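# Summary of structural features
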Amino acid sequence: MLKYSFRKTYLRAEVTGLADSSPKPEVPDGMWIKCGKCGAIVYSGDVRQNLYVCPKCGGYFRIHAYRRIHMLADRGSFREWNRVMPVINPIAFPGYEEKLSEAKERTGLDEAIVTGQISLQGNACAIAVCDARFMMSSMGHNFGEKLTLAIEKAAEDKMPLVVFACSGGARMQEGLVSLTQMTKTSAALRKLREAGQVFISVLTDPTMGGVTASFAMLGDVILAEPRALIGFAGPRVIAQTIGERLPKEFQRAEFLSEHGFVDAVVERKDLKEILSFLIRTHKSNPVYPEKPYIPELPKKARSADRPAWDTVLLSRKSDRPGAMDYINRLFPDFMELRGDRHYADDEAIVGGIALFHGIPVTVIGERKGGNLKERKRRNFGMPMPEGYRKAVRLLRQAEAFKRPVICFVDTPGAYCGVEAEERGQGAAIAECLRAFSGAEVPALSILIGEGGSGGALALATADEVWVMENAIYSILSPEGFASILYKDAGRCKEAAGLMRITASDLLSLGVAERIIPEPDPADAKNVGEIAEYMDGRILDFLCRKKECSPAELIEGRYQRFRRF
Ligand SMILES: [Zn+2]
């Protein structure tokens, strides 16, 4: 029955697909078509097989709303909501009703958005999909109303919500009534958040104007299709206003991701898997094991007699395993979420979500990178303010969905430079300290290499701090310390000995709760063994903290730092 309704949509689409004046036409059936991106003549069957991606250039065709739903929904699971709404013409705009009738006739849609419920790999979720064929998917009253009803229903029935945004912006013919849909839809999303349900926004080509400036950018997770045009003002308007040529990739999905507004640019073929994963990681009430397995200690460690300076060198060694070496082993399904939602995605800090023994967790780590090129990209592990703001954003997200947070600390320090000051390095670190000390979810921090100053402390504000046997944690580098106190950086070895920065020092000072032993100084060979030990210990930590209320966690953390 439902399949038949899809079929009908297809037939309609086939008849009318090319009537749209959009530069990237939908794909009619059984014929050769020209790709709007590369100009190649391709067979429509191949395009359809390839999920409406050009087989020649990889360019994305736009997708009809029902087709998009069909691509995601478990067979026969789609139930449409509020398909037909009474026509309104709020400012009595001449010719608007005729224009609506014409759009309806041409597309077979009642509005520019289709809403309903699907099962996605077995997970019930609400879905709303915009369709660019209908008046460029502009948001008028009925569009806003349908979306708001869908959000309210998702909140009421406790379902996650996935929205595929695509829009030219507000619908001019409805004047201010159109504009107020921006507030209405944004406000409704608060209800969804209160109901503890995740909102995943998928930005597709093009998402502009009032839709970008409202619900589309409010996703708990924001995904985008490759090269989708996303922005507030149109590129032509901007270019005319400033009288300059715009950069080539301006306002593309990748540009937004670099600037911190998109968590991930996801290829169409991966969307279903990723949406399903995100829905699963945002479910509450995970099952914890009754009695976690506590692993044996790795064979006897032997760092005790080593001079502190030698440990400093070990902690900085270029082949010492970094955050991703542990993350990849401990959280094999880790999905990176990028960006601070304000300025940029700082690659010196990596963050994301994963399922750890079936428990959803948020993972954040400072990352130095492997080869020189990568190290430069990651600023040698020295985060910018936007890195710390990303960490706070991910913490807030974790709190909203009750996920514990696990941090890996490895940084020479927060970046010291003009741009870092311009963007408020001090303020960003301070915000991190306040946010993590008040975190409503369990937080664990593991020092895996260099723990340099405030840049490390920002991510070492947790219920427990663990330190690897050959990691260090210091107020300043021993070189910096020596140059300040002795006016001679060369006396760094001597300084290191006095600063009490090694794992055993940290344990006796009460700065750390646990030492993660390294049978031999951590390297590519033994990182697996060390990660295995961490795995059992982390699971034990999560089990110990699972019953703690937010108030208990916050008070415990307060007392932990209050005693210093
Ligand atoms: Zn092409």
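Residues numbered from 1 in each chain as written. Predicted model: local features only at pLDDT ≥ 70, side-chain atom pairs only at ≥ 80, totals over all residues.

Moving on, we come to the domain arrangement of the chain. The parts lose accessible area when they come together, and the size of an interface is often stated as this lost area. Segmentation of the chain into domains returns domain 1 (62-91 + 103-281) and domain 2 (321-556). Taking only C-alpha atoms, the centre of domain 1 and the centre of domain 2 are 35 Å apart. Each partner contributes to the interface: domain 1 provides 15 residues, whereas domain 2 provides 19 residues. For the side of domain 1 that touches domain 2, the element with the highest residue contribution is helix 10 (residues 271-281), accounting for 3 residues. Its residues assigned to classes, the side of domain 1 that touches domain 2 shows 6 nonpolar, 4 polar and 5 charged. (Domains from an automatic or database assignment. Contact = placed C-beta atoms within 7 Å. Helix = DSSP H or I, 4+ residues; strand = E, 2+ residues; numbered from the N terminus. Nonpolar A, V, L, I, M, F, W, Y, C, P; charged D, E, K, R; others polar.)

Residues Ile69, Leu161, Leu203, Leu447 and Val467 are the most contacted members of the largest nonpolar core, which totals 140 residues. Counting contributing residues per domain, this core is built from domain 1 (62-91 + 103-281) and domain 2 (321-556), each supplying no fewer than three. Apart from the residues within four sequence positions on either side, Leu203 is in contact with Ala165, Ala216, Ile222, Ala224, Ala228, Ile230, Ala253 and Val262. Ile33, Val53, Cys54 and Tyr60 belong to the second largest nonpolar core, which has 9 residues in total. (Core = buried A, V, L, I, M, F, W, Y, C linked by C-beta atoms within 7 Å. Buried ≥ 20, exposed ≤ 12 C-beta atoms within 10 Å, placed from the backbone.)

With that out of the way, let us pick up the pairing of strand 4 (residues 113-120). Summarising the sheet, strand 3 (residues 79-81) and strand 4 pair through 3 bridges and their orientation is antiparallel. Bridge pairing in strand 4 places Glu80 opposite Gly116. Alignment of strand 4 against strand 5 (residues 123-130), held across 8 bridges, turns out to be antiparallel. Its bridge partner lying in strand 5, Leu120 is registered against Asn123. The antiparallel hairpin formed by strand 4 and strand 5 contains 2 residues in its connecting segment, where Gln121 sits at a positive phi of about 45 degrees. (Pairing = 2+ DSSP bridges.)

This part is about the environment of Ser178. Assignment of secondary structure puts Ser178 in helix 6 (residues 175-194). Overall, the presence of 22 C-beta atoms within 10 Å leaves Ser178 in the buried class. Note: C-alpha distance between Ser178 and Pro90 (88 residues apart in sequence) is 9.0 Å. With sequence-adjacent residues up to four places away left out, Ser178 is seen in contact with Met139, Gly140, His141, Ala170 and Arg171.

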